[in-house]
Amino acid sequence: MFVRYLSTKPKPKMKPIELKAPPEQTQTITRVIFDIVKEHGPLTVAETWERVQQAGVSGLTGKSHMKIVLRWMRERQKLRLICNHVGPHKQFLYTTWFTKPSNSKQPKSGNDLSP
């Protein structure tokens, strides 16, 4: 079993993400996304995209562009990614470094014993 770990290659280092938008536009986009995540608590990518569309950010070209910006923000430690395990399901949520993780985003199950 020990040999198996030595025979696998390590994960290659990813180069830092470089955003192609002008710095002013990048700052506007990141500030709006940060405010949305800070105000509405841990959010999935889909929930974040819905909120960004409602806010009407002019610099984002699409959901994949927003994902790149989220990854860039995570790289610079403006946001963090947490994982909720609910049974066999995983849910990845973006949150700020200042919010405490809560169990409010977990889906309700039928056998919940709390009143």
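Computed from a predicted structure; not experimentally measured.

Criteria and cut-off values
- Residues numbered from 1 in each chain as written.
- Predicted model: local features only at pLDDT ≥ 70, side-chain atom pairs only at ≥ 80, totals over all residues.
- Heavy atoms only, no water.
- Helix = DSSP H or I, 4+ residues; strand = E, 2+ residues; numbered from the N terminus.
- Contact = heavy atoms within 4.5 Å.
- Areas by Shrake-Rupley, 256 points an atom, 1.4 Å probe, with all protein chains shown as cover.
- Patch = residues over 30% accessible without salt bridge, like charges linked within 9 Å, V, L, I, M, F, W, Y side chains within 5 Å.
- Salt bridge = Lys/Arg side-chain N within 4 Å of Asp/Glu carboxyl O.
- Lys, Arg positive; Asp, Glu negative; His and termini not counted.
- Charge placed at Lys NZ, Arg CZ, Asp CG, Glu CD.
- Axes fitted to C-alpha atoms, helices over the stretch in contact; angles between N-to-C directions.
- Parallel < 35°, antiparallel > 145°, perpendicular 65-115°, else oblique.
- Left-handed = near helix turned anticlockwise from the far one by under 90°.
- Nonpolar A, V, L, I, M, F, W, Y, C, P; charged D, E, K, R; others polar.
- Core = buried A, V, L, I, M, F, W, Y, C linked by side-chain atoms within 4.5 Å.
- Buried < 20%, exposed > 50% of the residue type's maximum accessible area, 1.4 Å probe, protein only.
- 1 Å grid on protein atoms, 1.4 Å probe; cavity = no way out; pocket = protein on both sides within 12 Å on 5 of 7 lines; lining within 4 Å.
- Points joined across faces, edges and corners; volume = space filled by probe spheres on them.

(A) Representation of the overall build of the protein chain. Scanning the protein chain for helices and strands turns up 4 helices and 2 strands. Listing every helix and strand of the protein chain by position from the N terminus yields α-α-α-α-β-β. Nonlocal contacts in the protein chain, meaning residues at least 24 apart in sequence, comprise 45% of its contacts between residues at least 6 apart. For the protein chain, the exposed area adds up to about 9,100 Å²; of that, 55% sits on carbon and sulfur atoms.

(B) Summary view of the environment of Glu50. With respect to the helices, strands and loops of the structure, Glu50 is situated in helix H3 (residues 45-55). The spatial distance from the C-alpha of Glu50 to the C-alpha of Lys63 is 9.6 Å, given a sequence separation of 13 residues.

(C) Summary view of a positive patch on the surface. Together, Lys11, Lys13, Lys63, Lys67, Arg71 and Arg74 give the surface a local cluster of positive charge. Checked against the element boundaries, Lys67 lands in helix H4 (residues 63-75).

(D) Structural view of the pattern of salt bridges. For the coordinates displayed, the defined rule picks out 1 salt bridge. A salt bridge links Arg76 to Glu75, with the shortest nitrogen-to-oxygen separation between them at 3.0 Å.

(E) Here's a closer look at the packing of H3 against H4. Closest axis-to-axis distance for the H3/H4 pair is 11 Å, and the angle between their directions is 110 degrees. In terms of orientation, H3 and H4 fall into the roughly perpendicular class. Relative to H4, the crossing made by H3 is right-handed. Across the interface between the two elements, Val45, Ala46, Thr48, Trp49 and Val52 from H3 touch Lys63, Met66 and Lys67 from H4. For the contact of H3 with H4, the class distribution of residues is 5 nonpolar, 1 polar and 2 charged.

(F) Main features of the nonpolar core. Ile33, Val52, Leu60, Met66, Met73 and Leu79 are the most contacted members of the largest nonpolar core, which has 18 residues in total. Secondary structure elements with two or more residues in this core: helix H2 (23-40), H3 and H4. With residues near it in sequence (within four places) discarded, Val52 still touches Ile33, Ile36, Val57, Leu60 and Met66.

(G) Representation of the layout of surface pockets. Considering only enclosed or pocket space, the largest pocket measures out at about 190 Å³ in volume. Lining of the largest pocket is provided by Leu19, Ala21, Pro23, Thr26, Gln27, Thr30, Arg31, Phe34, Trp72, Met73 and Lys78. At the level of elements, H2 and H4 are the ones that each hand at least two residues to the lining of the largest pocket. The residue inventory of the lining of the largest pocket, partitioned by class, reads 6 nonpolar, 3 polar and 2 charged.

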